[in-house]
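Residue strings, one per chain:
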Amino acid sequence: MRSMNLVDAWAQNLSFFKHPYPSKSPVGFIHHPKFDPVFFKSRRPISSLGISAVLTGEEARVSTHRDDAPFNFNAYVVEKANHVNKALDDAVAVGNPPMIHEAMRYSLLAGGKRVRPMLCIAACEIVGGSQATAIPAACAVEMIHTMSLIHDDLPCMDNDDLRRGKPTNHKVFGENVAVLAGDALLAYAFEFMAMATEGVAAERIVAAVGELAKSIGTEGLVAGQVVDLHCTGDANVGLETLEFIHVHKTAALLEASVVLGAILGGGSSEQVEKLRTFARKIGLLFQVVDDILDVTKSSEELGKTAGKDLAVDKTTYPKLLGLEKAVEFAEKLNEEAKAQLADFDPRKAAPLLALADYIAHRQN
């Protein structure tokens, strides 16, 4: 029996049911014949740090099929990204005062892979929902992701000058406006998802709002960020602490993206939990690959400052495991993630399988 790590202890001690929201818990609204509290299960740790396969370093090589024809991942990405970009552009229009809206739009519409919105849409569709149902939530997670990047780049945090190949928000608008732009995106994300989602039972919208809020607070992104800041420069950080940081700082919002799509798309409790496990693993995979790219690619290739983690003595998977073992661990996570989709319709699972491969083999 393995020893309890930091994430094990966290999952037991910070359970949603042990620490409900100060006001009436959303769980109270979920006792419904077609809906139960399993959506709020606390996040579980990655099951294994075992390493067995080798990452090729190539872009995703997709073997999934739709109607006996190869699934065209490139076409899927272009279609979904265009749809999400238009929805984001429409959602955050320039208003008064102009400067704050321009700052919001500067980072929100700066490009990016739109992985989180795509995961949300694909998860909604795999359980029988539609893209239209998922779009408000998909936009919300991208707004929150953008907020986290704006704040992460600030001088008081990671102090970065480059993001997505452009000067960071605070370099263009100043630190004060950048902080407020992030705050505004965070607030509007919840407003937009709650108000723009149509054709979904109120109980499911409440569950989705609770899931998203938990993923970015002290049980999610904020927890990972705080531990990350505290551990920077600490030579004694081990794998357990590193896993805690990235399960929260990076994986939590990726997990929420998938779970939101599954909840709003009408998924059963069993389906939601399988997709949660899938998302947790690809969320950690995303960070492992990020760590690998940071030491193997240039700033021009990445669109952000390369080698930054090494420069500030951050603990990373290549630093603890070595580059080769980190690459092997990434492939192991990818295979474990895809195994969670075995019971779904292969045609509907194709986008998520392809997105997992893309995350594993991306080059920036």
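Since we're looking at a predicted model, the values are computed, not measured. (Residues numbered from 1 in each chain as written. Predicted model: local features only at pLDDT ≥ 70, side-chain atom pairs only at ≥ 80, totals over all residues. Heavy atoms only, no water.)

On to the overall build of the chain. Secondary structure assignment for the chain yields 17 helices and four strands. Relative to its full complement of 364 residues, the chain shows a buried share of 54%. Across the chain, the fraction of contacts at a sequence separation of at least 24, relative to all contacts at a separation of at least 6, is 77%. Carbon together with sulfur atoms contributes 55% to the accessible area of the chain, which is approximately 15,300 Å² in total. (Helix = DSSP H or I, 4+ residues; strand = E, 2+ residues; numbered from the N terminus. Buried < 20%, exposed > 50% of the residue type's maximum accessible area, 1.4 Å probe, protein only. Contact = heavy atoms within 4.5 Å. Areas by Shrake-Rupley, 256 points an atom, 1.4 Å probe, with all protein chains shown as cover.)

Taking 1.5 Å per residue, 16 residues should reach 22 Å; helix H17 (residues 346-361) reaches 21 Å between its end C-alpha atoms and fits that length. Summarising burial for H17: 13 of the 16 residues are buried, a large majority. Of the residues flanking the start of H17, the one acting as N-cap is aspartate 345, its side-chain oxygen 2.9 Å from the backbone nitrogen of arginine 347. (Expected span 1.5 Å × (residues − 1). Polar contact = N/O pair within 3.5 Å; in protein donor to acceptor, adjacent residues only side chain to side chain.)

Here we come to the packing of aromatic side chains. For the coordinates displayed, the defined rule picks out five aromatic pairs. An angle of 75 degrees between the planes, with centres 5.6 Å apart, marks the rings of tyrosine 106 and phenylalanine 173 as edge-to-face. Placement of tyrosine 106 in helix H3 (residues 98-108) and of phenylalanine 173 in helix H6 (residues 169-173) is noted, with a sequence separation of 67 residues between them. Under the relative-accessibility criterion, tyrosine 106 is labelled buried at 18%. It is arginine 116 that lies over the ring of phenylalanine 286; its NZ or CZ is 5.3 Å from the centre. One Lys or Arg, arginine 362, reaches over the ring of phenylalanine 286 and ends 3.9 Å from the middle of that ring. (Phe/Tyr/Trp six-rings, centres within 6.5 Å; stacked < 30°, edge-to-face > 60°. Lys NZ or Arg CZ within 6 Å of the ring centre and 35° of its normal.)

Here we take up the environment of aspartate 290. Position of aspartate 290 relative to the elements: it lies in helix H12 (residues 269-296). You can call aspartate 290 buried: its relative accessible area is 17%. Residues aspartate 290 and isoleucine 359 lie 69 residues apart in sequence; the distance between their C-alpha atoms is 9.5 Å.

Moving on to empty space enclosed by the protein. Applying the stated criterion across every chain yields a total of two cavities of 30 Å³ or more. Considered as a void within the structure, the largest cavity measures approximately 110 Å³ in volume. Ser107, Ala110, Asp153, Arg163 and Asn169 are the residues nearest the centre of the largest cavity, which is lined by 13 residues in total. For the lining of the largest cavity, the elements supplying multiple residues, two or more each, are H3, helix H5 (131-152) and strand E4 (166-167). No other element matches H5, which puts three residues into the lining of the largest cavity. (1 Å grid on protein atoms, 1.4 Å probe; cavity = no way out; pocket = protein on both sides within 12 Å on 5 of 7 lines; lining within 4 Å. Points joined across faces, edges and corners; volume = space filled by probe spheres on them.)

Here glutamine 287 lies in helix H12. We classify glutamine 287 as buried; its relative accessible area is 10%. A distance of 2.6 Å separates the side chain of glutamine 287 from the side chain of threonine 250, its partner in a polar contact. Non-local contacts of glutamine 287, meaning those with residues more than four positions away in its chain, are made with His246 and Thr250.

Moving on, we get to the state of the cysteines. Throughout the structure, instances matching the rule amount to zero disulfides. The thiol of cysteine 139 is not disulfide-bonded; the next cysteine sulfur, from cysteine 120, is found 9.1 Å away. (Disulfide = S-S within 2.5 Å.)

Moving on: the packing of helix H8 (residues 202-216) against helix H11 (residues 251-264). It is at 9 Å that the axes of H8 and H11 come closest, and there the two elements cross at 175 degrees. It follows that H8 is roughly antiparallel to H11 by the angle criterion. On H11, the residues that touch Arg204, Ile205, Ala207, Ala208, Glu211, Leu212, Ser215 and Ile216 of H8 are Ala252, Leu253, Glu255, Ala256, Val259, Leu260, Ala262, Ile263 and Leu264. (Axes fitted to C-alpha atoms, helices over the stretch in contact; angles between N-to-C directions. Parallel < 35°, antiparallel > 145°, perpendicular 65-115°, else oblique.)

Further remarks concern the environment of methionine 157. By the secondary structure assignment, methionine 157 is in the loop between H5 and strand E3 (162-163). Other than its neighbours up to four places away in sequence, methionine 157 contacts His151, Asp152, Gln225 and Leu229.

This part is about the pattern of salt bridges. Using the criterion set out here, one finds 22 salt bridges in the structure. In this structure, aspartate 228 engages lysine 249 in a salt bridge whose closest nitrogen and oxygen atoms are separated by 2.6 Å. In this pair, aspartate 228 is assigned in helix H9 (residues 221-231) and lysine 249 in helix H10 (residues 239-249), connecting sequence segments 21 residues apart. Each of Glu211, Glu255, Glu273, Arg276 and Arg280 takes part in one network of salt bridges that share partners. (Salt bridge = Lys/Arg side-chain N within 4 Å of Asp/Glu carboxyl O.)

The next thing to look at is unusual backbone geometry. Both trends apply: most residues other than glycine have a negative phi, and most peptide bonds are in trans. With an omega of -5 degrees, the peptide bond running from asparagine 96 to proline 97 counts as cis. With respect to the helices, strands and loops of the structure, proline 97 is situated in the loop between helix H2 (73-91) and H3. Although it is not a glycine, asparagine 159 sits at a positive phi angle of roughly 55 degrees. Structurally, asparagine 159 can be placed in the loop between H5 and E3. Residue asparagine 159 is classed as partly exposed on the basis of its relative accessible area, which comes to 43%.

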